[in-house]
Structure formats: C-alpha cells, structure tokens
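Notes for the structure review
Listed below, chain by chain, are the residues.
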Amino acid sequence: MHNGVIENYSDLKRELEERGHVFRSETDTEAIAHLIEEHYDGDLLAAVNATLSHLQGSYALLVIMEDTERIIAARNASPIVLGVGDSEFFAASDLTPLLDYTERVIYLDDGDVADITPDRLDIYHEGQKVERPVELVNWCVEDTRKGGFDHYMLKEIFEQPQSFYETIRAGVDEGVRRMLMDAGEITLVACGTSYHTTLVFKYLAESLCNIPIRIEMGSEFKYFTGPLRGLVIAVSQSGETTDTIAALNMAKARNCPTLAITNVQGSTLTRVADRTLLMRAGPEIGVAATKSYTAQLAALIQIINLRCEGMFNDILSHAHLAIGDILLYDVEDAVALCSQADHAFFIGRGPFYPVAMEGALKMKEISYVHAEGYAAGELKHGPFALLTPETPVIAICAPGSTYNVMVSNVKEVKARRAPVIALGVEGDTELPEIADIFIPIPDTHLLVQVLTASVVLQLLAYHTACALGRDVDRPRNLAKSVTVE
Ligand code: M6R
C-alpha cells in the first residue's frame, strides 16, 4: 500500500525494465514493489530499507509479503498512524479508521521504518532503533458514526454549535497565549476551506482590533515566499496538508515562531510547529469541511478576543446558540433554484467576501454546480457577462457600512435578469422586495453573522447536492486530506 507520489518513478521504471522487470500498471507504486523484489534475499526489512534509498518523493508505505504476518511500514512526508491493540497492531493514514479498534496510537515521524508483527513492534530511524510514545486519542468511536443522519456532512453541520462551543471553552494555554500576545507581525498559511477561514480572520482582526494580518495560500507560499517576519500560524483541519506543512517548515527555516491551529492531535503539523492550538471539532469525515470551518473560526476569533483583552467574551460565549438557530432553516426555494443551475455566483463584501468564497467552494465540490465567490464590487469587472436568468447570484447583505452598496449590487444583478438569493438580517424590509428569495439570519454581532451566514451556505450546498443525487460525503476526485503537493 502506498500513499504519496514517487517523483523519480519514470527513471526507476525505465531502469527496472532494462533489468527485465515487467510492469503491470501505470502506477508509481509498482516501481516500489519491483525494487523490493530485487533487493529481497530473505529479509523483508532489509529489502524495504534498501528500496527506500532509491525513492524520491512522498510515501506512507505498508509492505506485506504473501503468507506472512509481518508488515514493514515506512513514512516520508505522508502520514502513518499505528494503532496499538492487544497482541495486534494496526496501521492507517489517519486516526479515524483506528478508532474502531483502539484508542492507543503511535505517530510515525518522517524517516521512520516500523517492523510490525502481531506481538512486536520495532521502530527504526536512520538505521537506529527508536522509541515513539504511545498516545491516547481524544476522540471516541461514536464520533465516527453517522448517528441517524443521512450523511456525515449533515451530521457535522449539526455538530457545529457543540464544536464551536468546545473550541471556545478549551481556550488557549499559557504558552500559546504569550506567543499570540507577543506577536508583532502575523502571517497565516492554509489551503482550501482553511484558507477561507484565515481570510475571514484577516478582515475581522484588522477591522475589530487593528492587527495587521498577512494571509498566504499554502500551495503558493513555498515558491513565492517573500520577506517573512514574526509569528507564522498554519491552519489546517487535518494537520496533514502537504502544502501547509511545507509552508510552516519554511517559516521555521527562517526562524519565525510557529503555531499550528488544527483539529488532529498528533498530526504532522503539531509536530512541526513550536506550539499548537487544538480545535475541538472531533473527527470530520465528510470530505467537505463544515464543523472544522466554524471551529477554526472559533480558534481564530479567540485570538482577536485575546488581543482585544476579552472584549468579545460575551458574544463568544453565546455564538453557538445562534449557530444552533440556523440549523433547521428551510432553504428549499433556494435549493430549487441552485439545483437547476449550471453556474452560480456568491458575493459579499468585507469578511463576507471569503464567506462567499467558502459558500461557492461548498457548492461546487459537493453538488458539482459551478460556483464562484466574488467580492461583490468585482462582478461588474467581467463576470457580469455571464449573468443570465439561469445564473443564481447568492448575495450576503449584512448590515453595516457595506449594506447600501450591497443592495445596489443586488439591483445591478437583477437588472441583468439573474435571480438573486439574498441573505440579510431578520427585519430587513428592502431585500425581500428586490431579491427573488430572501433568507433572514439573526441580527447579531458581526462575529456571529459570519458564522450564521456560513452555515446557511453549507445547508444550501448540502441540500442542492442531495437534490441532484450527488455522493455528498465522497465527492468525485477529492480526498479528505491532501497529502501530495
Ligand atoms: O486539512 P486542511 O484544512 O489543511 O485541508 C485543506 C483543504 O484541502 C480543505 O479545506 C478542503 O478545501 C475542504 N475539504 C473543502 O471542503
């Protein structure tokens, strides 16, 4: 079994074929099997070790020989977690599948090779035997069940009040607190949904407490880093996203203090970063990030609260209730519109711009309706050309300084005959008049509105995907953890 990418696969394949090996597949993994065969002279561990010296790239490798009860595991830049049972061991690429069998786990480090038999485990690093601690998992197997929901995604959407609350309640330890309070410049790196949470954070932190924040996409950062100073925070649900880990490693190489915000205790990111702020979302199984998104926001908003000397304590202690109020929202009319569309635009301003980007990401990844998130003012700079009566525009029109201009944007969209689904606050009398569908969210503090608006968009994506009969929890071509570059 191999997770990862062998980058020198073509060279290895050519050399192996010259030596008479016959390949049966186009996979890079097969080159590993041929190399092991070539090096094997009765000792599987030695054969795997010899093979590893030829490999360039990433691998989580489990090697088993027919009719033997021995597994050799090797890790480089792709995670392996070992489960410790009673006279048995397990190996997986993340914690979740192990929870059915054991709560005791061992995280392998890059460069580790493990020799596993039912009653013995030896771990080697650079040829030397090493000890890796057995850790107790803070998740339980019930967390990995669907619990009566049709999909993990819906269950996870419904778990958000709790995961938000738990993340706030856990707070930050003294080391993390000091790190955050001492930070001058702060850079955040992340990918995908986690990148969107960092963008929301930037808008909130800069506007609510005047902290300048730099945001970098993990996948770009490695190649275009630019000058880097101050605290670097990597945000990742899984803690295993290769690009985010690479970015954090680069920050370390430049002597920046580093903090990981992640949901998975023991994940690679936690072992790379100087310190960790653990989100308390519990296992997230649906490929689409939902509860991890709001838990990340909980962790990030706590940073704002810390830096603002607890100014938002009250708001944060009640925010989960507002999220709970959203869960039973009826978005049927909006779903009917979106499920007939091939394209949709999500628009917002300020922190609602990345909320719109996230809404669009959710929509496209699970319903396959092509959706784009735009800063509302940008639509007229090109995308207007795409507006038709079949192109819904989902507009987040929160109260405040951008409300009037958002209303103008909605009118502009309507003038191009595109249907508008507007999110605004309860009691708004203008939006229901001009939008085709109005979805009211509670009139709360900005910090809470970004959460409630996001949850509405998750529900919209979820129900649209269901209406279209999509495989919600396992959308095509996607993986939960992206452990390749
Ligand atoms: O585990 P991470 O938060 O680092 O994952 C980053 C992205 O792959 C992830 O957020 C992805 O965009 C979501 N699954 C989309 O819903």
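What counts and how
- Counting from 1, residues in each chain are numbered in the order their sequence is written.
- At least 70 in pLDDT is required for a residue's local features to be given in this predicted model, at least 80 for side-chain atom pairs to be given and counted, and no such filter applies to totals for whole chains, interfaces and linings, which use all residues.
- Water and hydrogen atoms play no part in the side-chain values, which are based on all heavy atoms of the structure.
- In this entry, domain limits derive from an automatic or database-based domain assignment.
- Whether two residues touch is decided by their heavy atoms; if any such pair falls within 4.5 Å, the residues are in contact.
- Buried area is understood as the total, over both parts, of accessible area removed when two parts are fitted together, assessed with a 1.4 Å probe.
- Here a Phe, Tyr or Trp ring, Trp counted by its six-membered ring, pairs with any other such ring whose centre lies within 6.5 Å, and the pair is stacked when the planes are under 30 degrees apart, edge-to-face when over 60, and tilted otherwise.
- The numbering of helices and of strands both runs from the N terminus, where a helix is a DSSP run of H or I of at least 4 residues and a strand a run of E of at least 2.
- Partly exposed residues are those whose accessible area sits between 20% and 50% of the maximum for their type, while under 20% is buried and over 50% is exposed, using a 1.4 Å probe and protein chains only.
- Geometrically, a charge over a ring is one whose NZ (Lys) or CZ (Arg) sits within 6 Å of the ring centre while staying within 35 degrees of the ring normal.
- Whenever Lys or Arg places a side-chain nitrogen within 4 Å of a carboxyl oxygen from Asp or Glu, that contact is recorded as a salt bridge.

Now for the domain arrangement of the chain. The domain architecture assigned to the chain consists of domain 1 (2-136), domain 2 (163-326) and domain 3 (329-475). For domain 2 versus domain 3, the distance between C-alpha centres works out to 25 Å. At the junction of the two partners, domain 2 supplies 25 residues and domain 3 supplies 29 residues. Between domain 2 and domain 3, the buried area comes to about 2300 Å², and carbon and sulfur atoms account for 80% of it. Interface area lost by domain 2 to domain 3 is led by His196, Tyr203 and Ile326, which between them contribute 28%.

Summed over the entire model, instances satisfying the criterion amount to three aromatic pairs. Geometrically, the ring pair formed by Phe90 and Tyr101 is stacked, given 4.8 Å between the ring centres and 20 degrees between the ring planes. Of the two residues, Phe90 sits in strand E5 (residues 89-92) while Tyr101 sits in the loop between E5 and strand E6 (104-107), which places them eleven residues apart along the sequence. Here Phe90 falls in the buried class, since its relative accessible area comes to 17%. Directly above the aromatic system of Tyr368 lies the positively charged group of Arg476, at a separation of 3.8 Å from the ring centroid.

Turning our eyes to something else, we now look at the pattern of salt bridges. This model, assessed by the stated rule, comprises 28 salt bridges. Notably, a salt bridge pairs Asp274 with Lys252, separated by 3.8 Å at the nearest N-O pair. Residue Asp274 is located in the loop between helix H10 (268-272) and strand E15 (275-278), and its partner Lys252 is located in helix H9 (residues 242-253); the two are separated by 22 residues in the primary sequence. With a relative accessible area of 44%, Asp274 lands in the partly exposed category. What makes Lys252 partly exposed here is its relative accessible area of 34%. In this structure, Glu358 engages Lys362 in a salt bridge whose closest nitrogen and oxygen atoms are separated by 2.6 Å. Residue Glu358 and its partner Lys362 are located together in helix H14 (residues 352-367), separated by four residues, close to a single helical turn. By relative accessible area, which is 3% here, Glu358 ends up buried. Note on Lys362: relative accessible area 1%, which makes it buried. Beyond isolated ion pairs, a larger network of salt bridges with shared partners links Asp109, Asp112, Arg132 and Arg271.

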